[in-house]
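Understanding the architecture of this molecule
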Amino acid sequence: MIPLFPLNTVLFPDGRLALQVFEVRYLDMIKRCIAGSEEFGVVALAEGEEVRKPGQHETLAPIGTLARVVDWTAPLPALMHITCLGTQRFRVLATEQLKHGLWMADIERLPDDMAVPVPAEQQDVANALGSLIRSLQQRGVTPAQMPMGPPYRLDESGWVANRWCELLDLELPQKQLLLAQDNPVLRIELVQDALADSGYMD
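My aim in this report is to walk through the structure given alongside it, one point at a time. Keep in mind that this is a model prediction, so the values were computed, not measured. (Residues numbered from 1 in each chain as written. Predicted model: local features only at pLDDT ≥ 70, side-chain atom pairs only at ≥ 80, totals over all residues. Heavy atoms only, no water.)

Residues Val125, Leu129, Val160, Trp164, Leu168 and Val191 are the most contacted members of the largest nonpolar core, which totals 29 residues. Those elements that provide at least two residues to this core are helix H2 (123-138), helix H3 (157-167), helix H4 (172-180) and helix H5 (184-198). With seven residues, H2 is the largest single contributor of residues to this core. If we ignore the near neighbours within four places in the chain, the residues touching Leu168 are Lys175, Val191, Ala194, Leu195 and Ser198. (Core = buried A, V, L, I, M, F, W, Y, C linked by side-chain atoms within 4.5 Å. Buried < 20%, exposed > 50% of the residue type's maximum accessible area, 1.4 Å probe, protein only. Helix = DSSP H or I, 4+ residues; strand = E, 2+ residues; numbered from the N terminus. Contact = heavy atoms within 4.5 Å.)

With that settled, the discussion passes to the packing of aromatic side chains. Summed over all chains, the structure comprises three aromatic pairs. On the numbers, 4.0 Å between centres and 10° between planes, the contact of Phe5 with Tyr26 is stacked. On the criterion of sequence distance, the pair formed by Phe5 in strand S1 (residues 2-7) and Tyr26 in helix H1 (residues 24-36) is long-range, its members being 21 residues apart. Judged by relative accessible area, Phe5 falls into the buried class, the value being 5%. Taking the relative accessible area as the measure of exposure, Tyr26 reaches 3% and is therefore buried. Taken together, the aromatic side chains of Phe5, Tyr26 and Phe40 make up a single cluster linked through ring pairs. Over the face of the ring belonging to Trp159 we find Arg163, whose NZ or CZ atom lies 5.2 Å from the ring centre. (Phe/Tyr/Trp six-rings, centres within 6.5 Å; stacked < 30°, edge-to-face > 60°. Lys NZ or Arg CZ within 6 Å of the ring centre and 35° of its normal.)

Everything listed here is a matter of coordinates, which is why it stays silent on function.
See the structure below:
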């Protein structure tokens, strides 16, 4: 079983996630993961809130992404700032909530996206992401401050789609549907529609 970190966000493979950890259940979990170089699962909250409250019911999304801690600081004994990297999608098979509130899950790892080239019809999606990366670099944004980390795989459908899924202001259920989409070409097609709806591609 792996520990879960339910959040009001969706993490995608190769995505970066910065978290402020202060609840005892997660401080213990993160310290164990760092000490053992282990991953934990990030899942979206379909129901409930991130911070535990008495009597609260939490419903977890069925598909999540494994996360690895790549940087951390502990400015206070009961506070950690961590940066995580999404590694691999998984399906939740069964869950169990421990006494102090930590969720544990049996999972099935899902295959990584195949390295499918960006179709000609969706090349504008990759071009727009490339332009955004270049403009951030020209403004002096350091690699550590960038919303996505290198290598910038602008020729891969899955990588381009995932980065836009993180950048676009989409509703949580919409992001969850995109994460659950196994076909990276279909995912980039859906992202193209979302970009058009947001007026970004005009």
